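Reading the structure
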Amino acid sequence: QVQLVESGGGLVQAGASLRLSCAASGRAASTPFMGWFRQAPGKERELVASIAWTGSSAYYSDSVKGRFTISRDNARNTVYLQTDSLKPEDTATYYCAAGRHPIRGTNDPTYWGQGTQVTVSS
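It should be emphasised that the depicted structure is a prediction, and the values quoted were computed from it without experimental measurement.

Helix and strand counts for the protein chain stand at zero helices and 11 strands. Relative to its length of 122 residues, the protein chain is compact, with a C-alpha radius of gyration of 13 Å against a globular reference of 14 Å. Its C-alpha atoms put the protein chain at 40 × 30 × 25 Å along the principal axes. Of the accessible surface of the protein chain, which amounts to about 6,200 Å², a share of 47% is contributed by carbon and sulfur atoms.

See below:
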């Protein structure tokens, strides 16, 4: 089992930044791939960014490319999502996820966190 706990969400104005954190515990080594998803009210959950615990490559959705940065701290078993230049359309619940295979969609993760709310006002 892997436990994922997100933090760092909040209410900000457009143009602001937030850094989301996801702390992994348990058998984190069994899930070498991590991702951030988001889900807005009335919309489907979508992948925002993903990364592996090893290596430097990362994946970003077109909607956040150039504004969001995913990174990891292996010593702390923590994955971060730096969100810059936030827009009202970024408002959603953001979920951390872990998987045994590269994460490219909602079917890939094995474990999910409980989510953290990000609200961006105009």
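Unusually for a residue other than glycine, Asn77 sits at a positive phi of about 50 degrees. Note that Asn77 resides in the loop between β7 (68-73) and β8 (78-83).

As paired elements, strand β1 (residues 2-7) and strand β3 (residues 18-26) share six bridges and run antiparallel to each other. The residue bridging Leu4 from the neighbouring strand is Ala24, located in β3. Note that β3 and β8 share six bridges and pair antiparallel. In the sheet register, Leu18 faces β8, and the bridge partner there is Thr83.

What follows deals with the sheet that holds β7. The four strands are arranged β1-β3-β8-β7 in an open sheet whose pairing can be described as antiparallel. The two strands at the open ends of the sheet, each matched to only one other strand, are β1 and β7. Strand-to-strand twist of the sheet, defined as the mean angle between neighbouring strand axes without regard to direction, takes the value 15 degrees. Pairing analysis gives six bridges linking β7 to β8, with the strands arranged antiparallel. Bridge pairing links Asp73 to Thr78 in β8.

About the thresholds
- Residues numbered from 1 in each chain as written.
- Predicted model: local features only at pLDDT ≥ 70, side-chain atom pairs only at ≥ 80, totals over all residues.
- Heavy atoms only, no water.
- Helix = DSSP H or I, 4+ residues; strand = E, 2+ residues; numbered from the N terminus.
- Rg over C-alpha atoms; globule rule 2.2 N^0.38 Å.
- Areas by Shrake-Rupley, 256 points an atom, 1.4 Å probe, with all protein chains shown as cover.
- Pairing = 2+ DSSP bridges.
- Axes fitted to C-alpha atoms, helices over the stretch in contact; angles between N-to-C directions.

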